[in-house]
Amino acid sequence: DTLYYEELEMKLTVLESKKQLPISFFDYNNKMVNKMTFLMNKNAKVQSIIDQVKAEVKLQSKFPVRLLEVWNHKILKEYTPDSDVSNIHIADRTVLRAEQVHPDEMMADNPPKDDDNNSEYPVNKFWNPKYKVIQCQHFCSESSTVGQNHRVFGDPFYLVVYSGEPLSSIKARIQKRLLISDKPFASWKYAILNYMQPSFLDDESLDVYDAFEKERFHHHKSTLGLQHKDPNPKRRYANRNAIKITG
C-alpha cells in the first residue's frame, strides 16, 4: 500500500483555530462582482471580514458593507459587525454574501437635503418616516403532472417600501436597480410569497407597505416575489478561489 500525505503550511493547532469562509461580493445594484475565500481566526469579528472584503475589491464607495447568510435563494440572516467569526454558519447551498447597502436604505433614515441630493439616487418622492425593508426573491412557475410548481432562483435583495407608495413606483425602482431593459421587464409579475405560495399583485395603485403590514400578522417572513423566466436555470453557486490567509 502507498501512503499519501500533504505537508501543511502552518501548524495543525493554528489551522484548527481558523475558519475558511468563501465570500461573494455584490454591489448595490445586486450584481455579483467578485468571489474570494478567507481563512479567518475563529475569535475574530465579522467586521474584520468586511474590512478584508473592502480591501480586496478596493472599495471606495461611501456606502457601508454588510455580511449576509443566503440559503436556497433567500436571505436568512445579517451578521452584525461585532459577531464572532466562529458563529458563522456554512451549510450546503449556503452563500456568504458581502454587499454594499443600497442608497435607498441609507436615505430611509437620513434623507439628504435638497442642496446635497444625489442625482443618480434622488430621494424617493414617497419618502416618509413610515417605511419597512422587505426581501425580494426571483421565482418562476413551471407546469407539472400535479399542477403548477413555483421555484425560487437568483439573488435575493432587500428593498425599502414606504407607506403610501404604489406598486407602480416600486416596480420602477426595481427595474432601475437591477438594470433590466423595458422589453423583458414588461413581462415580470409580482406577488407576496408565503412558503412558495404566491398571492399575485395586479393593482398598480396598491400600497405595498400596507399589504405587507396586513400580511405580517399571518406570515411575518413573507417576501416580495418577482416572477419571470430563469435566465440561468443550471446556475449553481461555487467558490473555488485560492485561500487568502489573514490574521
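Below: a short report on this structure. Bear in mind that the values here come from a model prediction, so they are computed numbers and not experimental data.

**Re the pairing of strand β8 (residues 189-194)**
Consecutive side chains along a regular strand alternate between the two faces of the sheet.
Inference 1: Among the 6 residues that make up β8, 5 are buried, leaving the element largely enclosed by the rest of the structure.
Inference 2: Two elements, β8 and strand β10 (residues 223-227), share 5 bridges in a ladder whose sense is antiparallel. Of the residues in β10, the one forming a bridge with Lys 189 is Gln 227.
Inference 3: Bridging between β8 and strand β9 (residues 197-200) involves 4 bridges; their strand directions are antiparallel. By the bridge assignment for β9, Ile 192 is matched with Ser 199.

**Structural notes on the pairing of strand β2 (residues 32-41)**
Inference 1: Sheet topology places strand β1 (residues 18-26) next to β2; 9 bridges connect them, and they run antiparallel. The partner of Lys 19 across the bridge, within β2, is Met 40.
Inference 2: What sits between the antiparallel neighbours β1 and β2 is a turn of 5 residues, in which Asn 30 has the positive phi angle 65°.

**Let's talk about the nonpolar core**
Inference 1: Counting residues in each nonpolar core, the largest one holds 20 residues, and the members touching the most others are Leu 159, Ile 174, Leu 224 and Leu 226.
Inference 2: Contributions of two or more residues to this core are made by β6 (131-144), β7 (147-162), α4 (167-178), β8, α6 (208-215) and β10.
Inference 3: Excluding residues within four positions of it along the chain, Leu 226 makes contact with Cys 136, Gln 137, His 138, Phe 139, Phe 157, Ile 174, Trp 188, Lys 189 and Tyr 190.

Parameters and conventions
- Residues numbered from 1 in each chain as written.
- Predicted model: local features only at pLDDT ≥ 70, side-chain atom pairs only at ≥ 80, totals over all residues.
- Heavy atoms only, no water.
- Buried < 20%, exposed > 50% of the residue type's maximum accessible area, 1.4 Å probe, protein only.
- Helix = DSSP H or I, 4+ residues; strand = E, 2+ residues; numbered from the N terminus.
- Pairing = 2+ DSSP bridges.
- Core = buried A, V, L, I, M, F, W, Y, C linked by side-chain atoms within 4.5 Å.
- Contact = heavy atoms within 4.5 Å.

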